[in-house]
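# Survey of secondary and tertiary structure
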Amino acid sequence: MIEAVNRRLEETLEARTGQKVRDCYQCKKCSAGCPVAFAMDLVPHEVMKMVQYGQEERLLSCSTIWLCASCETCSTRCPNEIDIAGVMDGLRQMALEKGAPLGEPEIGMFHKSFLGGIKYTGKTNEPVLIGAYKAMSRRLFDDLGLGAVMVAKHKIKIFPRVVKDRKALKRIFDETGKGGAK
Amino acid sequence: MSRLSFSYFPGCSQSGSAEEFGDSTLAVCKALGIDLEELPDWSCCGASSGHMTNDLLSLALPGRDLALAKTIGKDMLVVCAACYSRMKVSQNRILADEELARRVEEAVGADPRFTGEIRHLLDVLVNDVGIAAIKPWLRESLAGLKAVPYYGCLLVRPPEVCCCDSVENPTELDTFLEALGVEVRPWSFKTDCCGGSLSLSRTDIVEKLVNKLFERAEEAGANCIVTACPMCTANLEMRQEPGKFGFKLLHDMPVMYFTELLGLAMGLAGSEKWFKSHIISPVPLLKELKLTS
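Residues numbered from 1 in each chain as written. Chains lettered and ligands numbered in written order. Predicted model: local features only at pLDDT ≥ 70, side-chain atom pairs only at ≥ 80, totals over all residues.

Our next topic: the overall build of chain A. Looking only at helices and strands, one finds 11 helices and 0 strands in chain A. Tracing chain A from N to C terminus, the helices and strands come up as α-α-α-α-α-α-α-α-α-α-α. Along the longest, intermediate and shortest principal axes, the C-alpha atoms of chain A span 65 × 35 × 30 Å. Counting only residues that meet the buried cut, chain A has 42% of its 182 residues in that class. Once local pairs closer than 6 in sequence are excluded, the contacts in chain A between residues at least 24 apart make up 65%. (Helix = DSSP H or I, 4+ residues; strand = E, 2+ residues; numbered from the N terminus. Buried ≥ 20, exposed ≤ 12 C-beta atoms within 10 Å, placed from the backbone. Contact = placed C-beta atoms within 7 Å.)

This is the structure:
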């Protein structure tokens, strides 16, 4: 007996991102033009197919959704006008909200470090970002040589720049963090 | 032509790792009579990490800056391609969806419905100021520089919100460089991704993308790469070689901002300082071509 295809994931993604993944007819242009496809566990057209099949668990824990660099080459070339990078955003956000095991934990840590820095200073400060990411990912000794070059070239400023209206930032993070990923 | 006047969103990199981009932007705008009013107490746009992890946050962070721009009331100028993209995408979505606009307003505590234009400096220079009006300001031709124009992703995609004339083969930066006397070398990698958002977390992937760009630029006969994005420049300059403990440069082709070259061609004071702060120093090349002392 043929079971009905599970459309729940496709519908959830459409509600979130406005993208109609059902329109994908597997021309594979997205995968052909993707600069990061060589490193992915599922290439973009496979992600689209698995969305159509409702393979939520596999998708939320795959590496691909994190490796996608959001260059949007796929989105601009899709003959069915699916914003594939937007679908990747939707899947990433769902993975965080559902607490799925991340296919690329270090990329998750990077985003957390990046946004954490903005939450407390309102701006992106390279030493704060790099420090937070190194501490979280325990990759303490990566890039020491580069770090020295960056300091010598004044690419790293000692004092972080901070937004005066810290309350506004706190409000934004409090309000947007309700019921979702931080 | 009436005097151009904008509110200005500098973006975090332009006072951090891409200070030379920020400084050269201010210098060329001042020299060309483009008035810039910095948004008071602006904050970060959230960049890729915002939209990849939390949709509402990715609109509320630029939303705060859009609310500031609304108060000033002028069109907004942005130079960082990443900030530019976030501002434009957020503005589009906020203005197109009133329910969403209300949610952003609630999060920000101010009205984010900024209806002015958000412009990238390259677009303003080519299309508003115009090449013909820039030419009389040029003191020296940058002849000898052979550049590949590197647009990257966020200046051109998504094309519905971005400013370039073509999504696969944009030409604004080409036109601009030619006006400065730079020889523009043809290559097919104008809009290829450098892997910006993976720079710290998956350096191995980024190195492959960056090395390819340098190899193709060399193949195209260029002696420099010109960019309009601080993420692209940072990646190209710093992500060439596995850098566990040491730091080596596999490719020593300089990577410069379009604003720096304009400043140099206009003979603006301070350009030496910009070029000195690059990880891959363009100074030997500029000296060899007698473009700097």
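Here the narrative resumes, following the displayed structure.
Let us look at the overall build of chain B. When helices and strands are counted, chain B shows 12 helices and 8 strands. A total of 293 residues make up chain B; the buried ones form 57% of that total. Contacts in chain B between residues far apart in sequence, at least 24 positions, make up 77% of those at least 6 positions apart.

Another aspect to go through is the interface of chain A and chain B. Contacts between chain A and chain B engage 51 residues on the former and 50 residues on the latter. Broken down by secondary-structure element, the contributors of at least two residues to the side of chain A that touches chain B are α6 (73-77), α7 (84-97), α8 (105-121), α9 (126-137), α10 (144-152) and α11 (166-176) of chain A. Counting residues per element, the side of chain A that touches chain B draws most heavily on α8(A), at 7 residues. Of the residues assigned to the side of chain A that touches chain B, the class counts are 22 nonpolar, 13 polar and 16 charged. (Nonpolar A, V, L, I, M, F, W, Y, C, P; charged D, E, K, R; others polar.)

An α-helical turn contains 3.6 residues, so any two residues separated by three or four positions project in the same direction. A rise of 1.5 Å per residue sets the reference length of helix α4 (residues 81-96) of chain B, with its 16 residues, at 22 Å; its end C-alpha atoms lie 22 Å apart and thus fit the reference within 8%. Of all 16 residues in α4(B), 12 are buried; the element is thus mostly enclosed. (Expected span 1.5 Å × (residues − 1).)

Here we take up the environment of B:L121. Residue placement: B:L121 occurs in helix α6 (residues 121-134). As for B:L121 and B:M76, which are separated by 45 residues in sequence, their C-alpha atoms are 10.0 Å apart.

Right, let's talk about the pairing of strand β2 (residues 35-38) of chain B for a bit. Residue and element names in this part refer to chain B. Relative to β2, strand β1 (residues 5-9) runs parallel, the two being bridged by 4 bridges. When the sheet's bridge partners are listed, Y8 is paired in β2 with E38. Regarding the hand of the β-α-β motif, the stretch spanning β1, helix α1 (residues 19-32) and β2 is right-handed. (Pairing = 2+ DSSP bridges. Right-handed = clockwise from strand over helix to strand, strands pointing away.)

Moving on to the sheet that holds strand β6 (residues 183-184) of chain B. Residues and elements named next belong to chain B. Strands sit in the order β6-β5-β7-β8 across an open sheet of 4 strands; the sheet is parallel. Where the open sheet ends on each side, the last strands, each with one partner, are β6 and β8 (255-257). Strand direction decides the pairing type here: strand β5 (residues 146-150) and strand β7 (residues 224-227), joined by 4 bridges, are parallel. Within β7, the position partnered with V148 by the bridge is I225. Contacts from helix α9 (residues 230-238) reach β5, β7 and β8 within the one sheet, and its direction differs from that of β8 by about 160°. (Axes fitted to C-alpha atoms, helices over the stretch in contact; angles between N-to-C directions.)

Looking at α11(A), one finds that the buried residues are A:L169, A:I172 and A:T176. All buried residues of α11(A) project into a common sector of 60° when viewed along the axis, lining one side. Opposite the packed face of α11(A), turned more than 90 degrees from it, sit the exposed residues A:K167 and A:D174. Residues of α11(A) that are buried in the fold lie against α8 of chain A together with α3 (55-72) and α5 (98-108) of chain B. (Arc of directions from axis to C-beta.)

On to the packing of helix α1 (residues 8-17) of chain A against α7(A). Residues and elements named next belong to chain A. Where α1 contacts α7, the two axes come as close as 10 Å, and the packing angle between them is 105°. The pairing of α1 with α7 is recorded here as roughly perpendicular in orientation. Two secondary-structure elements touch here, α1 through L13, R16 and T17 and α7 through G86, V87, D89 and G90. A breakdown of the residues in the contact of α1 with α7 according to their chemical character gives 2 nonpolar, 3 polar and 2 charged. (Parallel < 35°, antiparallel > 145°, perpendicular 65-115°, else oblique.)

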